[in-house]
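The primary structure of each chain is shown beneath.
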Amino acid sequence: MTRALDGGTADPGGRFRFVGRGRESGLLLAAVRHPPAVVLVEGEAGVGKSRLIREAAAVLARNGHQVLTGFCHPLREPLPYGPVVDALRRADLQRAESPLPPTAGALAPLLPDLADRLPPPPSQPLDASAQRFRLVQAVRSLLGALGPTALVVEDLHWVDEATRDLLLLLARDLPPQLSLVLTYRAEDLPPKSAVLGAAYRHPPGTSGTVIRLGPLAEPDIQELAVAAMGPDATAHLGTALYQRSEGLPLVAEEDLITLAEHGRTHGYADAAARLQDADVPRGLSEAVTERLGMLSREAGAVAEAAAVLAVPADEDLLATIARLDAPDGARALIELLQASVLREADDGRYVFRHVLAQQVAYGHIPAPARVRLHRRAVAALQARTPPRLVQIAHHTQAAGDREAWLVRAQDAAEQAVSVGDTGTAATLLHQLLEEPRLAGEQRSRAALALAGIAANGVDFATNARLLRRLLADPQLPVEIRGEIRLAHGLLLLNEADDLAGFREVARAADELRARPERAARALLALAFDERKGVEHGLHWIERAEDTVGDSPDQAVKAAVRASRLTLLTWLADQDVWALAEQLPRHADDPEVVRQTARALHNIADAAIELGHDRRATALMTEAQGLAVRAGSPLVACYARVALLRLAALAGDWEGIDERFDALIDEFPGIAVPHTERALVTGFLAAARGQRAAALEQFGSAAEAGERQLAVSVALRAAAGLGAVHLAQGSPARAWAVAAPAVDLLRRAGTWAKSPGLVPVAVEAALACDERAAAEQLAGEVERAVGGRDSPAAAADLELALGLLAEHAEPDAAVGHYAAAARRWQAIGRPYERARAVERQGVALRGADPAAASALVTEALTAFAELGATADAARCEHGLRELGLARPAPGRRGYGGDLSPREHQVAELLAGGATNQQIADALFLSPRTVEHHVAKVLRKLGTTRKRVGRAYEELRQDH
């Protein structure tokens, strides 16, 4: 560490005084104290980014924060997400504020010192994307459990692609008490690129800032000198220091260290004059060069070894490359530490105080000597166990041996891939593919490896550009281009919802004819363009089956089988249930088990749409268990999402929002839980009369559905939006939403799984005098689902037929509604059954008022038990309006407690409803609502702005 100069003072850590950064320090601390936060610290080399971070970290640590710091550098040996893992090694798990979730166990192999305090590691996923997902999930869950924490990653201009992706995913959805602090040099980023890639946008609800550090002002440099030298720091010296350093604190500090060396022998006055009179080159280069010239021969040799290695190195390695025995090496190292040329990094390793000083020292070595030192480094690193392949490749290239470098770099890349460090691998593969002499099998292997990494990356734009650049390589054979094109096509489909991806995949299938198993994967992707219809998909499935007919690859055959069963379920084929029972659950090949899990999930997901809820629950539970066993976290996540949807359909509404939020916290980078939450909470909001919230949630789901190849989300969102518009008395809006959705349903041909859309569309069409359209739709559904195993579609059809018959043939309408109620009862959806029972009662009002009253009362009771406030209120209003109201029991006094009606009002108030919206939802007059609102606020002792929190506390107390 730098010593305080004679007569001056340094901070308690032995460094120079921290000067001139009060504003920047305040910005950094303010952001981190209000997590979640993302703070970017930008500045040129030597401007003081690391010092700013260290000073802030000391303050945060005193305030109870954990500050975990990792560093990027260009010669890191392979370790997945190395800079972040290095930071996590410093975590104090005993200070965790919540139990570590099981997902954190995936970090145990990377954090051996913490492994005994982490949950047991889960089974290893099979494919690279699942492995990456599990590690990202583990990092986030561990950081989320630690409490107030700042994760600092320095020198992001050297970050590898995988670590950048991880940081991007974290930044998009930070745990509530985590702050992410990143430092970088903008001038060293790739051209036209952002520090976290083009995909990064500052997330809403996240605090933070960009701090751009500039040079210090002259008074700051003067303060630095006075703190170090006391009265010897004259104003003239301060000016000379400022002019030489141009405000860079690192340069000024190096000059002050040089002054200390001179001051010991010549006195400070002579040293100061010498500094003021110095010629160019000025600043850091001169200061470092001068200090290197004052070293002994042995210390100079070790300094040259450290400059060539460029990364922290232990004493033995430095001495070996300097060709010194152990005692001479130790003395030389001590001399370098005392002269502040080197500093101790960690674990007994040593490095230059700053990369700029290392670069100056490296440039000071004559070229022939540099080559010899690089060759010595290669020999010394090869002798280590395990050999440092990344560094060996670097030193081989620096020594000028291009042919050997091609081999070394490929070995290093393959090692990085084998340990899961795709970021380091990608850096090496980029370098290899830029070398024209890399040809044949070597070039193909490198291109395929890099394409595989890009296909699983987070930054879509960057990865798509890379894949297109690989496709343009004329040296690659056609089947290799087919593999890369398949990756590109799938990336377009999965990440950008770009239908051009289908063209790429189809072209890839042709290019992969010589590789039938891979061609089949492409054909299966083409089968799932649901918007073109199921028959279209079955055509591609048949081609895939023909392609792998003679293949011994059981995994790809399992994938084909899973895809066929999925499409058969879409068609409500009754044979699919028996075929699902025959799927292999205990195959030796984990990929076969994973495909079984995928098939069971897809069948169960379609079964929900078909109305086989109990069967779907059993299959989905089995799919989840198989996915966990086969190492497929994505399928496990999707299964848990579907089970939450099934719970809501079964009437289990209590705490459903919190259960979705917990799942989203566990799988933050996956869109499916977010979309399903929007659909389910939109449905519940509509049932409770929170129509603005319902429209918002269904609108969000509709936007997601537009980007998906499958049509289910788009159809469900349209059904939800249409139902809310009908409840608001806006049938034109409902028909405007439903009509395009019906056209989409026709194109897809998935009549057997059209969740809730048909009755909404028929009701909206009738209200808009579009009876012909309503009759046409009902006729199409009747023809399509006849003989199909789709109870939900049959129930929806009964509702649609009831709506069509209600005015002309009320008796027929009553029969259809009763049939729908029986079907929903058999399926196990109490809310849908109550809606059908209510319609049946309303249709009976003219023929049998007593029976009508009983039915509407039955529906009202079911709605009230579910918590469907608006539906219950509608039933109450209907009973009153039609003169069918039940005899009211004697009124009771509620005192300071909320009455049932006041509970309804409070719930709507908590959801942000206006008085008019409450009146519409509960079928009350605005004046009556004003009365109820006033009583609610008085009893809760709160204001309208804070009623949500007060009502939630009341519910928790009860």
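Please read all numbers here as calculations on a predicted model, not as lab measurements.

J.: An account of the packing of helix α33 (residues 712-727) against helix α34 (residues 731-748) is requested, with residue identities and associated values reported.
T.: Axis angle and axis distance: for two packed helices, these are the angle between their axes and the distance between the axes, and together they describe the pair. Interaxial distance between α33 and α34 falls to 8 Å at its minimum, and their mutual angle equals 160°. One way to sum up the angle between α33 and α34 is to call them roughly antiparallel. The two elements α33 and α34 cross, and the hand of that crossing is left-handed. Touching A714, L715, A718, L721, G722, H725 and L726 of α33 are P731, R733, A734, V737, A741, L744 and L745, all from α34.

J.: Provide a residue-level description of the sheet that holds strand β8 (residues 349-352), including the pertinent values.
T.: With antiparallel pairing, the 3 strands of this open sheet are ordered in space as β6-β8-β7. The open sheet terminates on both sides in strands that have one partner only, identified here as β6 (313-314) and β7 (342-344). Summarising the sheet, β7 and β8 pair through 3 bridges and their orientation is antiparallel. Paired with L342 across the bridge in β8 is F352. Against the sheet, helix α13 (residues 326-338) engages β7 and β8, with an angle of about 100° to β7.

J.: Go over the pattern of salt bridges, please, and point to the residues and values.
T.: Taken as a whole and judged by the stated rule, the model has 40 salt bridges. Taking the shortest distance from any N to any O, the salt bridge between R746 and E780 comes out at 2.8 Å. Taken together, the residues R746 in helix α34 and E780 in helix α36 (residues 771-785) connect sequence positions 34 residues apart. For E838, the salt bridge identified is with R835, shortest N-O distance 4.0 Å.

J.: Any chance you could break down the nonpolar core for me, citing the residues and the numbers?
T.: Counting 76 residues, the largest nonpolar core has L757, V762, L777, W824 and F863 as the members making the most contacts within it. With 10 residues, helix α37 (residues 791-805) is the single largest residue contributor to this core. Setting aside anything within four residues of it in sequence, one finds L757 in contact with L715, A718, A719, A738, A741, V742 and L745. A307, L342, A447 and I480 belong to the second-largest nonpolar core, a separate cluster that totals 69 residues.

J.: Describe the sheet that holds strand β3 (residues 149-154), listing the residues and the values that go with them.
T.: Taken in spatial order, the 5 strands make up an open sheet running β2-β3-β4-β1-β5, and their pairing is parallel. Strand pairing shows two members of the sheet lacking a second neighbour, β2 (66-71) and β5 (207-212), which therefore form its edges. Geometrically, the sheet is characterised by an average inter-axis angle of 10° between neighbouring strands, direction not taken into account. Of the pairings in the sheet, the one linking β3 to strand β4 (residues 178-184) comprises 5 bridges and is parallel in character. Pairing of L151 across the sheet is with L180, part of β4.

J.: Can you explain the side chain of T69? Please cite residues and give values.
T.: Within the secondary structure, T69 is located in strand β2. You can call T69 buried: its relative accessible area is 16%.

J.: Which residues make up helix α7 (residues 235-245), and what values go with them?
T.: Every α-helical turn comprises 3.6 residues, leaving residues that sit three or four positions apart pointing alike. Taken residue by residue, α7 has L237, G238, A240, L241, R244 and S245 as its buried positions. Along the axis of α7, the buried residues cluster in a sector spanning 165°; they form a single face. Residues A235 and H236 are exposed on α7 and point more than 90 degrees away from its buried face. Positioned one or two residues after α7, E246 has a phi angle of 55°, which is positive.

J.: How would you summarise the packing of helix α29 (residues 633-649) against helix α31 (residues 671-687) if you had to cite specific residues and measurements?
T.: Relative to each other, α29 and α31 sit at 5°, their axes nearing to 10 Å. If you check the angle between α29 and α31, you find them roughly parallel. Only V672, P673, E676 and V680 of α31 make contact with α29, whose side of the interface consists of C637, Y638, V641, R645 and A648. In terms of residue class, the contact of α29 with α31 is built from 7 nonpolar, no polar and 2 charged.

J.: I'd like a rundown of the environment of A794, residues and numbers included.
T.: With respect to the secondary-structure elements, A794 resides in helix α37. For the pair A794 and G611, spaced 183 residues apart in sequence, the C-alpha separation works out to 9.1 Å.

J.: Pulling in residues and values, what's your account of helix α20 (residues 460-471)?
T.: For α20, with 12 residues, the first-to-last C-alpha span of 16 Å sits near the 16 Å given by 1.5 Å per residue. The set of residues buried in α20 consists of N463, A464, L466, L467, L470 and L471. The buried residues of α20 occupy an angular sector of 160° when projected down its axis, which confines them to one face.

J.: Quick one: what's the story with the confidence of the model for the protein chain, residue by residue and with numbers?
T.: Averaged over every residue, the pLDDT of the protein chain is 85; the share at 70 or more is 92%. Averaged over each element, pLDDT in the protein chain is lowest for helix α9 (residues 268-276) (55) and highest for helix α35 (residues 757-767) (96). Of the regions scoring below 50 in pLDDT, residues 1-14 engages in 36 contacts with residues more than four places distant in sequence or in other chains. In the predicted structure, residues 887-891 sits below a pLDDT of 50 and forms 0 contacts with residues beyond four places in sequence or in another chain.

J.: Which residues make up the pairing of β4, and what values do they have?
T.: Most of β4 sits inside the fold, with 7 of its 7 residues counted as buried. One crossover worth recording links β3 to the parallel β4 by way of helix α5 (residues 161-172), and it is right-handed.

J.: So what about the pairing of strand β1 (residues 37-42)? Which residues, and what values?
T.: When you tally the buried positions in β1, you get 6 out of 6 residues, the bulk of the element. On β1, burial covers both faces: A37, V39 and V41 on one face and V38, L40 and E42 on the other are all buried. As paired elements, β1 and β4 share 6 bridges and run parallel to each other. Looking across to β4, one finds that A37 is bridged to S179. Relative to β5, β1 runs parallel, the two being bridged by 6 bridges. Across the sheet, L40 pairs through a bridge with V210, a residue of β5.

J.: Mind laying out unusual backbone geometry, listing which residues take part and the relevant values?
T.: One can expect most non-glycine residues to show negative phi and most peptide bonds to be in trans. That bond from P35 to P36 is cis: its omega, -5°, falls within 30 degrees of zero. Although it is not a glycine, Y81 adopts a positive phi angle of roughly 55°. If you trace the backbone, Y81 turns up in the loop between β2 and α3 (82-88).

Conventions we followed
- Residues numbered from 1 in each chain as written.
- Predicted model: local features only at pLDDT ≥ 70, side-chain atom pairs only at ≥ 80, totals over all residues.
- Heavy atoms only, no water.
- Axes fitted to C-alpha atoms, helices over the stretch in contact; angles between N-to-C directions.
- Helix = DSSP H or I, 4+ residues; strand = E, 2+ residues; numbered from the N terminus.
- Parallel < 35°, antiparallel > 145°, perpendicular 65-115°, else oblique.
- Left-handed = near helix turned anticlockwise from the far one by under 90°.
- Contact = heavy atoms within 4.5 Å.
- Pairing = 2+ DSSP bridges.
- Salt bridge = Lys/Arg side-chain N within 4 Å of Asp/Glu carboxyl O.
- Core = buried A, V, L, I, M, F, W, Y, C linked by side-chain atoms within 4.5 Å.
- Buried < 20%, exposed > 50% of the residue type's maximum accessible area, 1.4 Å probe, protein only.
- Arc of directions from axis to C-beta.
- Nonpolar A, V, L, I, M, F, W, Y, C, P; charged D, E, K, R; others polar.
- Expected span 1.5 Å × (residues − 1).
- pLDDT = per-residue confidence, 0-100.
- Right-handed = clockwise from strand over helix to strand, strands pointing away.

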